[in-house]
Amino acid sequence: MKFGIFTSNLITDCYVVMKGKAIRVNARYQTRKEIESKLEKLRP
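All figures in this text were calculated on a predicted structure; none of them were measured in a lab.

### Some words on the confidence of the model for the protein chain
Per-residue confidence for the protein chain gives a mean pLDDT of 80, with 77% of residues at or over 70. Within the protein chain, no element has a lower average pLDDT than helix H1 (residues 4-7), which sits at 63, and none a higher one than strand E2 (residues 21-26), at 88.

Now the structure itself:
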């Protein structure tokens, strides 16, 4: 996922779905590290 699309306000909210699990990504309320940590939890 390209973090620049969030910081430039092109996308404000997004859901990432993988293997039946989902997380909500919102760069306004989450730091890059928090988002990366949540994405790691989705990995098989």
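### Examining the nonpolar core
Among the nonpolar cores identified, the biggest contains five residues, and these are Val16, Ile23, Val25, Ile35 and Leu42. Those elements that place two or more of their residues in this core are E2 and helix H2 (32-42).

### Quick notes on the pairing of E2
The sheet contact formed by strand E1 (residues 13-18) and E2 spans six bridges and is antiparallel. Among the inter-strand pairings, Cys14 is bridged to a residue of E2, identified as Val25.

### A word on unusual backbone geometry
Non-glycine residue Lys19 carries a positive phi angle of around 55 degrees. Summarising the element assignment, Lys19 is placed in the loop between E1 and E2. For Lys19, a relative accessible area of 70% translates into the label exposed.

### A look at the pattern of salt bridges
On inspection of all chains with the given rule, the structure shows three salt bridges. Residue Glu36 pairs with Arg32 through a salt bridge whose shortest N-O separation is 3.1 Å. Pair noted here: Glu36 and Arg32 are both in helix H2, with a separation of four residues, about one helical turn. Residue classification places Arg32 among the partly exposed residues on the basis of a relative accessible area of 48%. Here Arg43 and Glu40 are joined by a salt bridge, their closest N and O atoms 3.2 Å apart. The exposure class assigned to Arg43 is exposed, which follows from its relative accessible area of 55%.

Each value, and the rule that gives it
- Residues numbered from 1 in each chain as written.
- Predicted model: local features only at pLDDT ≥ 70, side-chain atom pairs only at ≥ 80, totals over all residues.
- Heavy atoms only, no water.
- pLDDT = per-residue confidence, 0-100.
- Helix = DSSP H or I, 4+ residues; strand = E, 2+ residues; numbered from the N terminus.
- Core = buried A, V, L, I, M, F, W, Y, C linked by side-chain atoms within 4.5 Å.
- Buried < 20%, exposed > 50% of the residue type's maximum accessible area, 1.4 Å probe, protein only.
- Pairing = 2+ DSSP bridges.
- Salt bridge = Lys/Arg side-chain N within 4 Å of Asp/Glu carboxyl O.

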